[in-house]
Amino acid sequence: MVKPKYKRVILKLSGEALGGEKGFGIDWEVVESIADEIAKVRELGVEVAVVVGGGNFFRGRSAEHIDRATADYMGMLATVINSLALQSILEKRGVPTRVQSAIEMRQIAEPYIRRRAIRHLEKGRVVIFACGTGNPFFSTDTAAALRAAEIDAEAILLAKKVDGVYDSDPKKNPNAKKYDFITYLDVINQRLEVMDSTATSMCMDNEIPIVVFELAGGNIIKAVMGENIGTLVNVKEER
């Protein structure tokens, strides 16, 4: 039997992905599909932590009428809604799950404690990290990079609406070139929209590979197994 390439991963989901085709609110079919894949990955013996965005409800940097810090806190609260939704669907499938929030709200989530998060993972529980880093001016991409470094994750699985990293927007440019592999520095220097520069730099400093792929049926499992899908962002190509 082929073994998974990674033993512990961070799965980064955008809020828009949870919103499905509309990109707003929660598309329950999408959430159920994601939960099914996470359950299968867990059955392979892989420890899974999830960082969820909140853009399907509120995107802080797009708010024009309030100050940025307040807008970012509102965006953090949106991630809690998505985290609780994913937790509920996972637990309906018998997958033990914990939501840990970077902003304390003890009635609905545990406070983020690194050692407790690692212990949950070791016991086979899926840990969902809510509220980003708990600080304004930092994206949930940066939260994924930070948590990956803290819990010693072997990779960040970045599930997006596109099937990898391109040299330009494939929706606007039909001749856009897709990369199978690209270095962190090239991502930063070319200003490619993989993760923000802070998150990319943190992954580079801590040598955490990023696998960018389309959130479609079976791709989370394929990414965990190390199959050649999407784009690998790393210091050097490992495939």
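All of these numbers come straight from a predicted model, not from anything done at the bench.

## Digging into unusual backbone geometry
Right, on to step 1. Phi is positive for F137, which is not a glycine, with a value near 75 degrees.
Right, on to step 2. Mapped onto the elements of the fold, F137 is located in the loop between β5 (126-130) and α5 (140-150).
Right, on to step 3. Its relative accessible area of 53% is what places F137 among the exposed residues.
Right, on to step 4. Phi is positive for R191, close to 55 degrees, though the residue is something other than glycine.
Right, on to step 5. By the element assignment, R191 lies in the loop between α6 (184-189) and α7 (197-206).

## Let's talk about the UniProt feature "binding site: UMP" (unreviewed entry) in the protein
Right, on to step 1. Listed under "binding site: UMP" (unreviewed entry) in the UniProt record, and renumbered for this structure, are G54, D72, T133, G134, N135, P136, F137, F138, S139 and T140. Residues from the named set that contribute to the lining of the largest pocket are G54, D72, T133, N135, F137, F138, S139 and T140.
Right, on to step 2. For N135, the location among the structural elements is in the loop between β5 and α5.
Right, on to step 3. Classification of N135 as partly exposed rests on a relative accessible area of 39%.
Right, on to step 4. Setting aside residues no more than four positions away along its own chain, F137 makes contact with R68, A69 and D72.

## Quick notes on the UniProt feature "binding site: ATP" (unreviewed entry) in the protein
Right, on to step 1. The positions UniProt marks with the feature "binding site: ATP" (unreviewed entry) are K12, L13, S14, G15, G55, R59, Y166 and D169. The greatest C-alpha distance among the annotated residues, which extend across 158 residues, is 23.7 Å, indicating that they are dispersed rather than converging on a single site. Annotated residues from the preceding list that form part of the lining of the largest pocket: these are K12, S14, G15, G55, R59, Y166 and D169.
Right, on to step 2. Along the polypeptide, K12 turns up in strand β1 (residues 8-13).
Right, on to step 3. Residues within four places of K12 in sequence aside, it is in contact with V51, G53, T140, D141, A144, I156, L157, L158 and A159.

## Concerning helix α4 (residues 114-122)
Right, on to step 1. Among the residues of α4, those classed as buried are A117, I118, H120 and L121. Across the axial projection of α4, the buried residues extend over an arc of 155 degrees, all falling on one side.
Right, on to step 2. Lining the buried residues of α4 we find β1, β2 (47-52), β3 (97-101), β4 (110-111), β5 and α5.

## Examining α5
Right, on to step 1. Here α5 lies mainly inside the structure; eight of its eleven residues are buried.
Right, on to step 2. Every buried residue of α5 is listed here: T140, D141, T142, A143, A144, A145, R147 and A148.
Right, on to step 3. Backbone nitrogen of D141 and a side-chain oxygen of the N-cap are separated by 3.2 Å at the start of α5; the cap is S139.
Right, on to step 4. Where α5 ends, the next residue or the one after it, D152, has phi of about 60 degrees, a positive value.

## Quick notes on the environment of A176
Right, on to step 1. Its location among the elements puts A176 in the loop between β7 (165-166) and β8 (178-179).
Right, on to step 2. The class for A176 is buried, based on a relative accessible area of 15%.
Right, on to step 3. Contact partners of A176, with chain neighbours within four places excluded, come to Y166, D167, S168, D169 and P170.

## Structural notes on the side chain of N82
Right, on to step 1. Mapped onto the elements of the fold, N82 is located in helix α3 (residues 68-92).
Right, on to step 2. Taking the relative accessible area as the measure of exposure, N82 reaches 1% and is therefore buried.
Right, on to step 3. Discounting residues that sit within four places of it in the chain, N82 has contacts with G15, L18, I26, V52, G53, G54, N56 and F57.

## Some words on the pattern of salt bridges
Right, on to step 1. Using the criterion set out here, one finds ten salt bridges in the structure.
Right, on to step 2. Residue D36 is joined to R93 by a salt bridge in which the shortest nitrogen-to-oxygen separation is 2.5 Å. Remark: R93 occurs in the loop between α3 and β3 and D36 occurs in helix α2 (residues 28-43); sequence separation between them is 57 residues.
Right, on to step 3. Given the relative accessible area of 32%, R93 is considered partly exposed.
Right, on to step 4. Between E122 and R119 there is a salt bridge, and its shortest N-O distance comes to 3.5 Å. Highlighted residues: E122 and R119, both in helix α4, separated by three residues, approximately one helical turn.
Right, on to step 5. Residue E122 is classed as partly exposed on the basis of its relative accessible area, which comes to 46%.

## Quick look at empty space enclosed by the protein
Right, on to step 1. Inspection of the entire model under this criterion finds two cavities of 30 Å³ or more.
Right, on to step 2. Considered as a void within the structure, the second largest cavity measures approximately 40 Å³ in volume.
Right, on to step 3. Around the second largest cavity, the lining residues are R42, V46, E47, V48, L121, G124, R125 and V126.
Right, on to step 4. Taken together, the residues of the lining of the second largest cavity break down into four nonpolar, one polar and three charged.

Conventions adopted
- Residues numbered from 1 in each chain as written.
- Predicted model: local features only at pLDDT ≥ 70, side-chain atom pairs only at ≥ 80, totals over all residues.
- Heavy atoms only, no water.
- Helix = DSSP H or I, 4+ residues; strand = E, 2+ residues; numbered from the N terminus.
- Buried < 20%, exposed > 50% of the residue type's maximum accessible area, 1.4 Å probe, protein only.
- UniProt positions renumbered as here; feature names shortened; annotations may be inferred.
- 1 Å grid on protein atoms, 1.4 Å probe; cavity = no way out; pocket = protein on both sides within 12 Å on 5 of 7 lines; lining within 4 Å.
- Contact = heavy atoms within 4.5 Å.
- Arc of directions from axis to C-beta.
- Polar contact = N/O pair within 3.5 Å; in protein donor to acceptor, adjacent residues only side chain to side chain.
- Salt bridge = Lys/Arg side-chain N within 4 Å of Asp/Glu carboxyl O.
- Points joined across faces, edges and corners; volume = space filled by probe spheres on them.
- Nonpolar A, V, L, I, M, F, W, Y, C, P; charged D, E, K, R; others polar.

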